[in-house]
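Per-entry structural report
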Amino acid sequence: MSTFTAPKGSYDILPPDSAVFLATRDALAEPLRRAGYGYIETPIFEDTALFHRGVGESTDVVSKEMYTFDDRGGRSLTLRPEGTAGVMRAFVEHRMHAAQLPAKLYYAGPNFRYERPQAGRYRHFSQVGAEAIGVDDPLLDAELIELADAAFRGAGLTRHRLLLNSLGDRESRAAHREALVRFLARLDLDEETRRRAELNPLRVLDDKRPEMQAALTDAPVSVDFLTDGCRAHYDAVRAALTDLGVTWTEAPKLVRGLDYYTKTTFEFVHDSLGAQSAVGGGGRYDGLSAAIGGPDLTGVGWALGVDRVLLALKAENPARWDELAAANQLDVFLVPIGPQAQRRALGLARDLRADALRVDLAWGGRGLKGAMKAADRSGARFALVLGERDLAAGTAQLKDLASGEQRPVPLDAAAVAAAVRPE
Ligand code: AMP
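Looking at the overall build of the protein
- A count of helices and strands for the protein gives 16 helices and 16 strands.
- Here the C-alpha coordinates of the protein stretch approximately 90 × 55 × 45 Å along the principal axes.
- Evaluated residue by residue, the protein yields a buried proportion of 51% over its 423 residues.
- Considering only residue pairs separated by 6 or more positions, the protein has 69% of its internal contacts joining residues 24 or more positions apart.
- When the accessible surface of the protein is totalled, it reaches about 20,600 Å², and 52% of it is carbon and sulfur.

Observations concerning the environment of valine 332
- Inspection of the secondary structure puts valine 332 in strand β12 (residues 332-336).
- When its relative accessible area of 0% is taken as the criterion, valine 332 is described as buried.
- Through-space distance from the C-alpha of valine 332 to that of aspartate 400 is 9.4 Å; in sequence the pair is 68 residues apart.

Points about the packing of helix α1 (residues 17-34) against helix α5 (residues 138-154)
- At a minimum axis distance of 7 Å, the contact between α1 and α5 shows a crossing angle of 140°. Accordingly, the angle class assigned to the pair α1 and α5 is oblique. The crossing of α1 and α5 is right-handed. In this structure, α1 uses Ala27, Leu28, Pro31 and Leu32 to contact α5, whose residues at the interface are Leu147, Ala150, Ala151, Phe152 and Gly154.
- Residue composition of the contact of α1 with α5, by class: 8 nonpolar, 1 polar and no charged.

Some remarks on the sheet that holds strand β11 (residues 299-305)
- If you trace the 8 strands from one edge of the open sheet to the other, you get β1-β5-β6-β11-β10-β9-β7-β8, paired in mixed fashion. The open sheet has two edge strands with one neighbour each: β1 (38-39) and β8 (249-250).
- Relative to β8, strand β7 (residues 160-166) runs parallel, the two sharing 2 bridges. Across the sheet, leucine 164 pairs through a bridge with glutamate 250, a residue of β8.
- Those strands touched by helix α9 (residues 228-244) are β7, β8, β9 (262-270) and β10 (278-284), and its axis lies near 160° from that of β7.

Concerning unusual backbone geometry
- A cis amide bond links proline 15 to the next residue, proline 16, at an omega of 5°.
- Relative to the elements of secondary structure, proline 16 occurs in the segment before α1.
- A cis geometry characterises the amide bond from leucine 101 onward to proline 102, with omega recorded as 5°.
- Relative to the helices and strands, proline 102 resides in the loop between α4 (84-93) and β5 (103-112).
- Phi is positive for arginine 95, close to 50°, though the residue is something other than glycine.
- The exposure class assigned to arginine 95 is exposed, which follows from its relative accessible area of 55%.
- A positive phi angle, near 50°, is found at lysine 263, a position not held by glycine.
- Within the fold, lysine 263 resides in strand β9.

Some remarks on the side chain of serine 289
- Assignment of secondary structure puts serine 289 in helix α10 (residues 288-291).
- Every residue in contact with serine 289, bar those within four places of it in the chain, is listed here: Met88, Val92, Gly294, Pro295 and Leu297.

About the cut-offs
- Residues numbered from 1 in each chain as written.
- Predicted model: local features only at pLDDT ≥ 70, side-chain atom pairs only at ≥ 80, totals over all residues.
- Heavy atoms only, no water.
- Helix = DSSP H or I, 4+ residues; strand = E, 2+ residues; numbered from the N terminus.
- Buried < 20%, exposed > 50% of the residue type's maximum accessible area, 1.4 Å probe, protein only.
- Contact = heavy atoms within 4.5 Å.
- Areas by Shrake-Rupley, 256 points an atom, 1.4 Å probe, with all protein chains shown as cover.
- Axes fitted to C-alpha atoms, helices over the stretch in contact; angles between N-to-C directions.
- Parallel < 35°, antiparallel > 145°, perpendicular 65-115°, else oblique.
- Left-handed = near helix turned anticlockwise from the far one by under 90°.
- Nonpolar A, V, L, I, M, F, W, Y, C, P; charged D, E, K, R; others polar.
- Pairing = 2+ DSSP bridges.

Structure representation (structure tokens):
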């Protein structure tokens, strides 16, 4: 019988790498917690229509990549392809606009997109995301961008770069769109690109193919069509970033994969990653709440890709990776010899763990040789051998597994803890 493998585009994260995953995901969220963002957990599936309305029909995400299914009650549900729509749905449903604004919320969890898998691009991937809803203040955009920068740094990266653009509001976008449609009409586009141009010409700017990038060199860009209000907003964001010491590159052709972005738009890239270089992105989405039936409120947010941050970390800072992978390393591995010592070891392990030490023991009634081998393989710093004779004398043998040094210690949790705890 053939065995099973993880579904295409997904992968397992096993120890010790899983410790790096958890620590990194947590490090990415830490700056948010310090900035007043509260954790929100929303369902992994939502009403399919939420994504059609809240992400946009013209996007690849909605038109080609969603995991959509009918449940047994005949409801069309979709595994979330991104986090913002669900957070906004929850915000509206719970009338969070009645409370203090902005509502600052963050989330962490998996997303699902039926994409063509390659290095750094998966069908099941993890994000940490943040949303600040309800106040249209350019300083809030700047704060969020700085928090993303702090998140990457906190996760151990330094070689990330910020790309910045402004897409403008409805009025600026309409003017830009008109100019872009006229420009695109003069190009010889293939069938699919032509179709995309009809649905949302902005998306064509995002075409990464070199021949398209060449054809688009002189394409009209959104920053040239900003209304005075949008220009002032963009200027204020940039001035605040300068104050905060955050550097960026202007990226006038940067558009986002999702339809609802307005004004500030940004992406962080990491140069160690090859084709899938975006480690995070976001922007302002002033139309989203209204688009899903909520009040006319603004928002700004980002999502950082945990899987790609991990790839970048491995490339840029392998020492930090190893350090995090070793963080759950055992302090002591107990080697009890004989049934009486085994029973004693169980209680000793419990007491040492209660004292915040990491402790495991040899299982399965192994003899000294097998149990010492298990101790070596466990990665623990110390082995504590409990022999029958030691037991009678009230001592145990503590062996430093790196140096091989061995000495007797009293068979008592407090004494063992004192002997193994690093100064
Ligand atoms: P998006 O929701 O498309 O704005 O993506 C935000 C971030 O999530 C990106 O910058 C990536 O780091 C990450 N990301 C998006 N799609 C994928 C994917 N298919 N596989 C891995 N990471 C992804």
